[in-house]
Amino acid sequence: MRKKKVMMVGSAEKSNGGVASAIKVMKKMTCWNEYSCYWLGTQIQGNYLLKLRYCITAYVIALFKIWKYDIIHFHTVPGKICLIIQMPIFLLALLGNKKIIMHIHVGNQLADHTHNSLFIWCLKHCNLIILLAKTWEKKFKEWFPMITIPTTTLYNAYEPVESISYQNRDKTILLAAHLNENKGYSILLKAFQRIYYNFPDWKLIILGDGEVEKAQKMADELKISDRTTFTGYITGKDKIQYFQKASIYCMCSYQEGFPMVILEAWGYGIPVISTPVGGLPDVIKEKKNVCIFEFGNDIMLAEKLTDLITSPELRQNMSEYSISFVNKIFSIEKINDELDSIYSKL
């Protein structure tokens, strides 16, 4: 029997962000070749001309290629811009009577879209809805009772990385993000300022673009800039070195789907301090793979940082547990089998 063929529709392969990262890992699964997957990039960061060129190119490719595929797997978010960009391909999929998957790459943001008529229309016209965590599958059914389309959960897969012995780490606290208000970088800066004089040999490193100048100005005002480094957006070996050497990773976000960067941090064996954001409540265990603090609470974050900094044994235990945990629950092989099951049953 012929294997079904799958077209993936989402952020372009050259783009940054969680959606592209998730698809890149999928591309390394055996499913990718077994289902003759094709990645159709519809969105990319850049100027308007570049974005427009990607859209138009995607539409032309879809017009000629979509008929060859059985399943059209949309990686999307509920925002109207994303939905409008993907809509011509969605309509082609309907016209071709294709099986349509809506893979929703957000979490608590879903609550803001219960009256989003375009989003609801798309949900009603697909064949399967994939959520990033069991938490969000449950909430989705509460928030969207009008949707009777089947739902399922598929965790993002983790791509194995090379970690180093925890004893060889630098005394650094790491955050990697596109800096904006949602990422809560100001909370981390305030928390670091609270412990700054207690631990003079510890440093804060922030990777990523976005509101870098604003963050640097805040670090200056808090008088912590001499031990706070902003690298800007980096990839490859430079990024790997920062992750390999970090002793603590902080996630301060208010809204996420299932943060890929946490899987990365676990893979590198970095003890994580985080808000209970996105799908993390599905899998977190306090002082095993994470130390949780309340959204926006820099005092509590400072306390958690102090707990970890003053307890090398706890950090060592969390490092070892996190590596084992992420390889067990989020392995490419495990998520591949679940995706294979989804496609074969559709």
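No experiment lies behind these values; they were computed from the predicted model shown.

1. Some points on the side chain of H75
So, step 1. Considering the arrangement of structural elements, one finds H75 in strand β3 (residues 71–76).
So, step 2. For H75, a relative accessible area of 1% corresponds to the buried category.
So, step 3. Beyond its immediate stretch of four places on either side in the chain, H75 contacts M8, V9, G10, V19, I23, M26, Q86, H103 and H105.

2. Overview of the pattern of salt bridges
So, step 1. Considering all chains together, one arrives at 11 salt bridges under this definition.
So, step 2. With a closest N to O distance of 4.0 Å, K139 and E142 form a salt bridge. Within this pair, K139 and its partner E142 are both found in helix α6 (residues 134–143), separated by three residues, close to a single helical turn.
So, step 3. Given the relative accessible area of 45%, E142 is considered partly exposed.
So, step 4. With its nearest N and O atoms 2.8 Å apart, the salt bridge here joins E338 to K334.

3. Section: the side chain of N336
So, step 1. Among the structural elements, N336 can be located in helix α13 (residues 332–345).
So, step 2. Its relative accessible area of 7% is what places N336 among the buried residues.
So, step 3. When near neighbours in sequence (up to four residues on either side) are disregarded, N336 contacts M29, T30 and C31.

4. Thoughts on the packing of helix α7 (residues 185–195) against helix α8 (residues 212–221)
So, step 1. Axis separation between α7 and α8 bottoms out at 10 Å; the angle between their running directions is 20°. As judged from the angle between their axes, α7 and α8 are roughly parallel. Seen along the crossing, α7 lies across α8 with a hand that is right-handed. Only K214, A215, M218 and A219 of α8 make contact with α7, whose side of the interface consists of Y185, S186, L189 and K190.
So, step 2. Its residues assigned to classes, the contact of α7 with α8 comprises five nonpolar, one polar and two charged.

5. Details of the sheet that holds strand β1 (residues 6–11)
So, step 1. Judged by pairing direction, the sheet is parallel, and its six strands sit side by side in the order β2-β1-β3-β4-β5-β6 without closing on themselves. In the strand order of this sheet, the two ends are held by β2 (38–43) and β6 (151–153), each with one partner. This sheet shows a mean twist of 20° between the axes of neighbouring strands, independent of strand direction.
So, step 2. For β1 and β2, the ladder comprises five bridges, and the chain directions are parallel. What sits directly across from G10, in β2, is G41.
So, step 3. Strand contacts of α6: β4 (99–104), β5 (128–131) and β6, with the helix running at about 160° to β6, the strand carrying the most contacts.

6. Some thoughts on α7
So, step 1. The set of residues buried in α7 consists of Y185, I187, L188, L189, A191, F192 and I195.
So, step 2. In this fold, the buried residues of α7 make contact with β7 (172–176), β8 (203–207), α8, β9 (228–232), β10 (248–251) and α11 (298–309).

7. Structural notes on the packing of helix α3 (residues 48–65) against helix α4 (residues 80–95)
So, step 1. With their axes 10 Å apart at the nearest point, α3 and α4 run at an angle of 5° to one another. By the angle between their axes, α3 is roughly parallel relative to α4. Where α3 approaches α4, its residues C55, A58, Y59, A62 and L63 are matched on the opposing element by I84, I85, P88, I89 and L92.
So, step 2. A per-class count over the contact of α3 with α4 returns 10 nonpolar, no polar and no charged.

The rules behind these values
Residues numbered from 1 in each chain as written. Predicted model: local features only at pLDDT ≥ 70, side-chain atom pairs only at ≥ 80, totals over all residues. Heavy atoms only, no water. Helix = DSSP H or I, 4+ residues; strand = E, 2+ residues; numbered from the N terminus. Buried < 20%, exposed > 50% of the residue type's maximum accessible area, 1.4 Å probe, protein only. Contact = heavy atoms within 4.5 Å. Salt bridge = Lys/Arg side-chain N within 4 Å of Asp/Glu carboxyl O. Axes fitted to C-alpha atoms, helices over the stretch in contact; angles between N-to-C directions. Parallel < 35°, antiparallel > 145°, perpendicular 65-115°, else oblique. Left-handed = near helix turned anticlockwise from the far one by under 90°. Nonpolar A, V, L, I, M, F, W, Y, C, P; charged D, E, K, R; others polar. Pairing = 2+ DSSP bridges.

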